[in-house]
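Here is what each chain is made of, one letter per residue.
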Amino acid sequence: MAGSSIRNLASGREILISAGSGGVGKTTTAAAVATMAAATLGLKVLVITVDPARRLANAMGLEQFGNVESRVPDEAFQGAGVRPTGELWAAMLDTKESWDDLVRRHAPDAQTRDAILANPLYANISSRFVQSHDYVAMERLYEIHSSGRYDLIVVDTPPTRNALDFLDAPQRMADFFSSRLLRWLIAPSRSRVLTFASKPFYTVADRILGSQFLQDIAEFFILFQTMYDGFVERSEAVSRLLASDDTSFIVVSTLEVSPAREAKYFLAELNKRNYDVGALVLNKTLPSTLTDQASTVTAHDLVEHGAERAEPLGEALGLEQDRQALLGRMLPELGENFLRFQLVAGREAEERDRLAVGAGTVASVPYFTEDITDIAGLVRLGKRLWDENPA
Amino acid sequence: MDIPLLDRRLLFVTGKGGVGKTSVASALALLGARQGKRTLVCEVDAKGNLADFYGVGPLEFAPTEVQPNLYAMAMNTEESLREYLKLQLKLPLLARLGPVAKMFDFVATAAPGVKEILTVGKIAYEVRERNYDLVVVDASASGHVVGQLASPVALGELISVGVVQAQTAWMIDLLKDPATTGVVVVATPEEMPVNETLELVGRLGTETEIDLAAVVANRVLPELFGRAEQELFDELATAVRGADQPVAQPKVASGSGATTLAGLDGVVEAAELAVGLRRSRVPHLKRLRAGLPEGVPLLNLPMLFIRTHGTRATHAIAGLLEDELV
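Residues numbered from 1 in each chain as written. Chains lettered and ligands numbered in written order. Predicted model: local features only at pLDDT ≥ 70, side-chain atom pairs only at ≥ 80, totals over all residues.

**Remarks on the sheet that holds strand E6 (residues 181–187) of chain B**
Residues and elements named next belong to chain B.
- In space, the 8 strands of this open sheet follow the order E3-E4-E2-E5-E1-E6-E7-E8, with mixed pairing throughout. Single-partner strands in this sheet number two, and they are strand E3 (64–67) and strand E8 (298–302). When the angles between neighbouring strand axes are averaged without regard to direction, this sheet yields 25°.
- Pairing geometry for E6 and strand E7 (residues 212–220), over 5 bridges, is parallel. When the bridges of E7 are listed, Val184 appears paired with Ala214. (Pairing = 2+ DSSP bridges. Helix = DSSP H or I, 4+ residues; strand = E, 2+ residues; numbered from the N terminus. Axes fitted to C-alpha atoms, helices over the stretch in contact; angles between N-to-C directions.)

The structure is reproduced here in structure tokens:
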């Protein structure tokens with residue numbers, strides 16, 4: 001992977017998927033990569049985000065448009081002093097709306113479509129069905145990709161309980177609709193063969209859930225069954241797309257213990273499935289000066305002899321007596337603060353080495369002390385990602 | 001209101017992913033156990049992180065004692081169903097039939113609220129039976145937790161007959177009693193976690209009847225300087241930047257750069273980082289405080305530098321929580 005960079009990934013791939021555990025900066029990373037690709041590579045780029053911070057959503061015009069793809073106006077780039085050579089588009093993923101779209105597309109006729117959309121269980125299932133969100137994200141990606149409307153699509157993955165869920169969602173959906181049990185459940189009651197296995201099931205199900213509820217479920221699935229072929233076909237196509245050369249993953253993490261552990265697991269799973277991991281982005285990393293040997297010695301010295309050191313330093317600063325005394329009280333604290341952060345930086349350095357195995361490019365992004373709330377902020381972050389040297 | 005946190009018997013701990021939900025849940029449970037309560041801590045999302053906070057191997061559905069007085073378990077809806085069938089319906093034989101549980105798992109996947117009710121039901125059962133003095137739940141992240149907590153109501157409405165209907169009623173009573181049950185939301189003083197917390201607090205009020213017991217502000221950074229100190233530090237920082245860097249200067253025997261301005265650059269940079277991080281978080285902390293309903297305690301936990309994981313950190317956080325709860 002030598003010579004690789006996120007810039008090259010954005011140039012060469014059609015789909016980049018930003019993945020990682022919650023709270024590590026997945027959304028911002030995806031937005032920054034898309035912004036840079038639109039600004040500097042002349043590409044028509046779409047970023048599909050899931051749950052952006054409100055001010056960032058505002059900056060990208062997502063507040064008004066939501067599920068609909070909308071273009072980020074060139075003027076939004078002015079604050080960054082950039083004239084985009086391409087186009088930046090953005091869309092937010094609305095699970096319910098996307099499911100409705102899906103039903104409209106796959107339903108065999110208007111009557112079935114309306115019956116499904118009006119079914120009380122449908123609303124519940126489409127918004128709460130396990131992996132429903134993940135499935136819809138992948139489905140939407142496939143639909144947009146095959147429409148050929150964009151040069152590059154950057155996807156921010158949903159905050160899942162398990163970062164891998166969305167990878168398996170298409171397959172699981174296909175399994176779900178082709179399962180024997182579902183067929184049995186929705187078969188007309190008279191033709192149901194009460195086998196040894198199914199009889200106690202039905203008895204217990206009836207006793208616990210009530211037959212009316214079971215009936216409701218069955219009816220819902222009878223309607224859904226009509227869309228079976230469309231679903232399975234789609235699911236398989238999405239799986240192929242994820243594994244294709246057009247797609248690469250950007251794994252995002254911080255170097256804190258829990259996110260790093262999840263990222264490591266995620267990297268291993270992606271490799272196992274032969275999905276391409278183009279880059280590892282490490283967010284909120286501490287500056288390397290914190291592990292500097294000379295500064296460490298200085299910090300220890302300040303902790304022990306801060307009051308004495310205030311003398312020559314106070315002189316160099318031209319301080320009055322009382323402020324020199326204040327400095328004397330501050331210096332040990334400065335030393336201790338350095339050592340506190342150094343401990344964290346050391347831990348992070350170790351974590352970084354463990355993670356870097358198995359990823360193409362490794363990019364580190366420092367702690368930004370300001371929230372990223374506009375295109376200028378995204379460009380600033382994007383430049384860090386772009387110019388980072390390969391590991 | 002004003003019911004002391006650990007006087008309740010059931011606490012759901014939630015928050016946005018990555019804010020330290022599990023570390024707070026594990027510490028709260030440990031604190032309860034240290035105060036002499038027979039305590040159960042239950043992990044709901046099968047991520048397997050909770051075990052790390054007590055330095056033990058993977059947790060199972062059957063609770064194991066991980067510290068004196070403290071029992072830990074991992075939720076498993078299939079096991080929960082088996083137990084339910086065995087205890088409630090006196091159907092031990094059926095519970096042992098593999099395919100039944102498998103089919104139920106399938107229905108549970110398809111039917112809304114079934115998985116959630118098996119989770120909440122098992123937990124509520126332990127509370128009702130008074131098997132423990134305190135049950136702490138490392139619950140789902142803020143995006144999912146409302147659905148989980150509202151599941152008895154939702155399911156009760158959806159299924160108008162049957163055993164489930166009868167079962168949801170007592171669960172609802174137990175959950176909505178503030179003397180028994182409370183939610184603890186964990187946030188870090190950053191934009192998204194605070195947004196999500198305030199949103200969740202609103203939804204808990206409108207979509208459930210469950211009491212918000214406390215909000216925890218995690219990883220709060222200490223103030224490094226007062227005003228006079230900050231001014232002096234700014235002078236120092238400017239001078240350090242302006243000073244000639246001792247590029248090829250050989251290290252003296254003492255090795256310390258503390259006698260020259262230039263030698264302080266690393267130390268100054270670390271202080272600027274601490275100040276900058278704190279400053280960026282202050283407005284979010286204020287926003288969090290201002291957005292909470294009156295009477296809801298806001299507990300502050302400092303950023304931990306030494307150890308953030310493992311038994312040692314959990315004990316440290318339990319101690320910090322104890323101080324905050326006084």
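**Here's the deal with the nonpolar core**
All names here are of chain A.
- Ranked by internal contacts, the top residues of the largest apolar core, which has 78 residues, are Val33, Ala34, Val45, Val154 and Val251.
- With 9 residues, helix H2 (residues 26–40) is the largest single contributor of residues to this core.
- Filtering out sequence-adjacent residues up to four positions away, Val154 remains in contact with Leu16, Ser18, Ala30, Val33, Ala34, Val45 and Val47. (Core = buried A, V, L, I, M, F, W, Y, C linked by C-beta atoms within 7 Å. Buried ≥ 20, exposed ≤ 12 C-beta atoms within 10 Å, placed from the backbone. Contact = placed C-beta atoms within 7 Å.)

**Here we look at the packing of H2 of chain A against helix H17 (residues 375–387) of chain A**
Residue and element names in this part refer to chain A.
- With their axes 8 Å apart at the nearest point, H2 and H17 run at an angle of 85° to one another. Classed by the angle they form, the pair H2 and H17 counts as roughly perpendicular. When H2 is examined against H17, the residues Thr28, Ala31, Ala32, Val33, Thr35, Met36 and Ala39 are found in contact with a partner set consisting of Ile375, Leu378, Val379, Leu381, Gly382, Leu385 and Trp386. (Parallel < 35°, antiparallel > 145°, perpendicular 65-115°, else oblique.)

**Re helix H11 (residues 227–242) of chain B**
Residues and elements named next belong to chain B.
- In a regular helix each residue adds 1.5 Å, so 16 residues correspond to 22 Å; H11 covers 23 Å between its end C-alpha atoms and thus fits that length.
- Every buried residue belonging to H11 is among Leu232, Phe233, Leu236 and Val240, and all of these are buried. Down the axis of H11, the buried set is contained in an arc of 105°. They therefore lie on one face. Opposite its buried face, H11 presents the exposed residues Arg227, Thr238 and Gly242, each directed more than 90 degrees away. (Expected span 1.5 Å × (residues − 1). Arc of directions from axis to C-beta.)

**Some remarks on the packing of helix H1 (residues 21–34) of chain B against helix H13 (residues 310–325) of chain B**
Residue and element names in this part refer to chain B.
- Running from N to C, H1 and H13 point in directions that differ by 70°, and their axes come no closer than 8 Å. When the axis of H1 is compared with that of H13, the two are roughly perpendicular. Taking contact as the criterion, the partners of Ser23, Val24, Ser26, Ala27, Leu28, Leu30, Leu31 and Arg34 in H1 are, on H13, Ala313, Thr314, His315, Ile317, Ala318, Leu321 and Glu322.
- Within the contact of H1 with H13, the residues separate by chemical class into 9 nonpolar, 4 polar and 2 charged. (Nonpolar A, V, L, I, M, F, W, Y, C, P; charged D, E, K, R; others polar.)

**Details of helix H10 (residues 191–207) of chain B**
- The first and last C-alpha atoms of H10 of chain B sit 24 Å apart over 17 residues, in line with the 24 Å expected at 1.5 Å per residue.
- Burial in H10 of chain B covers these residues: Glu191, Met192, Pro193, Val194, Asn195, Glu196, Thr197, Leu200, Val201 and Leu204 of chain B.

**Quick word on the confidence of the model for chain B**
Residue and element names in this part refer to chain B.
- For chain B, the mean per-residue pLDDT works out to 86, and 84% of the residues sit at or above 70.
- Counted against residues more than four places away or in other chains, residues 247–254, with its pLDDT under 50, gives 1 contact.
- With pTM at 0.83, the complex prediction returns an ipTM value of 0.83. (pLDDT = per-residue confidence, 0-100.)

**Re the environment of Glu370 of chain A**
Residue and element names in this part refer to chain A.
- Secondary-structure assignment places Glu370 in the loop between strand E8 (361–366) and H17.
- Glu370 sits in the exposed class, given 10 other C-beta atoms within 10 Å.
- In this structure the C-alpha to C-alpha distance between Glu370 and Gly20, which are 350 residues apart in sequence, comes to 22 Å.

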